[in-house]
Each structure stands twice: as structure tokens, then as C-alpha cells.
Amino acid sequence: MTLLNTLQDEMKVAMKAHDQARLDALRLMVSAIRYVEVDTPNLTDEQIVGVLTKEAKKRREAIEAYKAAGRLSAAEQEQYELTLIESYLPKKMSEDEVRIKVKEVLDSNKFDNFGLAMNAVMKTVGKDAEGGTVAKIVKELFK
């Protein structure tokens, strides 16, 4: 069963349970996947995870914007959606784990600029870590 099928089954469960907030969030995820499927039919689970990762990033940015604007109820809704999206994504490395990997890479190599350091670290951690977290830690330690 693909991730898309799982999401659609979860939608059915949410409909039967009359859980409107969950249903809406699941519909947003399925809609984003279907939108990408227009250009790339028959997405693999890895591609679907990529779509959901982008959706999670959008939610994080929206949460920051809503909090800055003082719209806490909208930020809470986005946080709910983010939490639900992340429940379908593979587990990411914690900030401490990323920090250890960054230190290992920076200690084993001498880099002239931030871009080269960032590239080497991203090759090491791959998709197991959030890019923003990696960038923040590399900036911290690349001095």
C-alpha cells in the first residue's frame, strides 16, 4: 500500500469519526500530492515524502508569519497540520545528532567557504536532517 493510499484511508476514517480538522489537513496533503501527480504520474513513496516535506516547510513558515502577525489561532491550525504531516514523514535527526555530524565533517575537512562545508555536511546527513537546522549549525560552527 502506498503512502497516498494510506492517506486516503485515513481520510475515510476521519470522515466517519466526524473529525473535521483532521479531515481538512488530510485533504490538503492529498491535494498537494495530486497536484504534483499531474506532471509526474504514479509517484513513488519517496516522491510523496518529498511533496509532504515541502508542505511541512510551508507550514513552518506560515506558523512564524502568523505568530509575528499576532494571529495565534491561525498559527495553532498550521501547527496541527504540521504535526499531522510530520507523522507521515520519516523521523528526522535531532538538533544534537546534527550537531555531532556537523562537527565530525568540519573536523575531518578544511573548508574555504560556507557553501563547500554545507555541501559536505548535506552529503553526510542526506535527507535525515532538516536543511534549515543543518545550515544554522554549520553557520554556528564554521568560524
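Residues numbered from 1 in each chain as written. Predicted model: local features only at pLDDT ≥ 70, side-chain atom pairs only at ≥ 80, totals over all residues. Heavy atoms only, no water.

> How would you sum up helix 6 (residues 114-125)? Please name residues and give values.
Over its 12 residues, helix 6 extends 16 Å from the first C-alpha to the last, a length consistent with the 16 Å expected when each residue adds 1.5 Å. Every buried residue of helix 6 is accounted for by Ala117, Met118, Ala120, Val121 and Val125. Taken down its axis, helix 6 places every buried residue within 165 degrees of arc, on the same side. In the core, the buried residues of helix 6 are packed alongside helix 5 (95-108) and helix 7 (131-141). (Helix = DSSP H or I, 4+ residues; strand = E, 2+ residues; numbered from the N terminus. Expected span 1.5 Å × (residues − 1). Buried < 20%, exposed > 50% of the residue type's maximum accessible area, 1.4 Å probe, protein only. Arc of directions from axis to C-beta. Contact = heavy atoms within 4.5 Å.)

> Please set out the layout of surface pockets residue by residue, giving values where relevant.
In this model, the largest pocket occupies a volume close to 410 Å³. Lining the largest pocket are 17 residues, with Gly50, Thr53, Lys92, Lys127 and Ala129 positioned closest to its centre. If you list the elements that add at least two residues to the lining of the largest pocket, you get helix 3 (45-69) and helix 7. A total of six residues in the lining of the largest pocket trace back to one element, the largest contributor, which is helix 3. (1 Å grid on protein atoms, 1.4 Å probe; cavity = no way out; pocket = protein on both sides within 12 Å on 5 of 7 lines; lining within 4 Å. Points joined across faces, edges and corners; volume = space filled by probe spheres on them.)

> Let's hear about the side chain of Glu78: which residues, and what values?
Considering the arrangement of structural elements, one finds Glu78 in helix 4 (residues 72-87). Classification of Glu78 by relative accessible area gives buried; the value is 14%. If sequence neighbours within four positions are ignored, Glu78 has contacts with Arg59, Ala62, Ile63 and Tyr66.

> Describe unusual backbone geometry, with residues and values.
One non-glycine residue, His18, adopts positive backbone phi at about 60 degrees. Classification of His18 as exposed rests on a relative accessible area of 72%.

> Before we move on, can you summarise the nonpolar core with the specific residues and values?
Formed by 23 residues in total, the largest nonpolar core has its most connected members in Leu7, Leu26, Met29, Ile33, Ile48, Leu52 and Tyr88. Every element with two or more residues in this core is listed here: helix 1 (3-17), helix 2 (20-39), helix 3 and helix 4. Looking at which element gives the most residues to this core, the answer is helix 2, with seven residues. For Leu52, the residues in contact, after removing those within four places along its chain, are Leu3, Leu7, Met29, Ile33, Ile85, Tyr88 and Leu89. Counting residues in hydrophobic clusters, the runner-up holds 14 residues, among them Val102, Ala117, Val121 and Ala135. (Core = buried A, V, L, I, M, F, W, Y, C linked by side-chain atoms within 4.5 Å.)

> Can you explain the packing of helix 2 against helix 4? Please cite residues and give values.
Helix packing geometry: the angle between the two helix axes and the distance between the axes. Close contact between helix 2 and helix 4 brings their axes to 10 Å; oriented N to C, the two are set at 65 degrees. Note on packing geometry: the crossing formed by helix 2 with helix 4 is right-handed. Mapping the contact onto sequence places Ala21, Arg22, Ala25, Leu26, Leu28 and Met29 in helix 2 and Tyr80, Glu81, Leu84 and Ile85 in helix 4. Looking at the contact of helix 2 with helix 4 residue by residue, the class counts come to eight nonpolar, no polar and two charged. (Axes fitted to C-alpha atoms, helices over the stretch in contact; angles between N-to-C directions. Left-handed = near helix turned anticlockwise from the far one by under 90°. Nonpolar A, V, L, I, M, F, W, Y, C, P; charged D, E, K, R; others polar.)

> Requested: an account of the confidence of the model for the protein, with residues and values cited.
Summary statistics for the protein give a mean pLDDT of 89 and a share of 99% for residues scoring 70 or more. Ranking the helices and strands of the protein by mean pLDDT puts helix 2 first, with 95, and helix 7 last, with 83. (pLDDT = per-residue confidence, 0-100.)

> Account for the pattern of salt bridges, naming residues and giving values.
Evaluation of the coordinates by the stated rule reveals 11 salt bridges. One salt bridge in this structure joins Glu78 and Arg59, with 3.5 Å as the shortest N-O distance. Of this pair, Glu78 sits in helix 4 while Arg59 sits in helix 3, and the two are 19 residues apart along the sequence. Summarising the burial analysis for this pair, Glu78 and Arg59 share the class buried. The salt bridge partner of Glu140 is Arg99, with a shortest N-O separation of 2.6 Å. Taken together, the positions of Glu140 in helix 7 and Arg99 in helix 5 put the pair 41 residues apart, joining distant regions of the chain. One network of salt bridges, in which partners are shared, links Glu55, Lys58, Arg59, Glu78 and Glu81. (Salt bridge = Lys/Arg side-chain N within 4 Å of Asp/Glu carboxyl O.)

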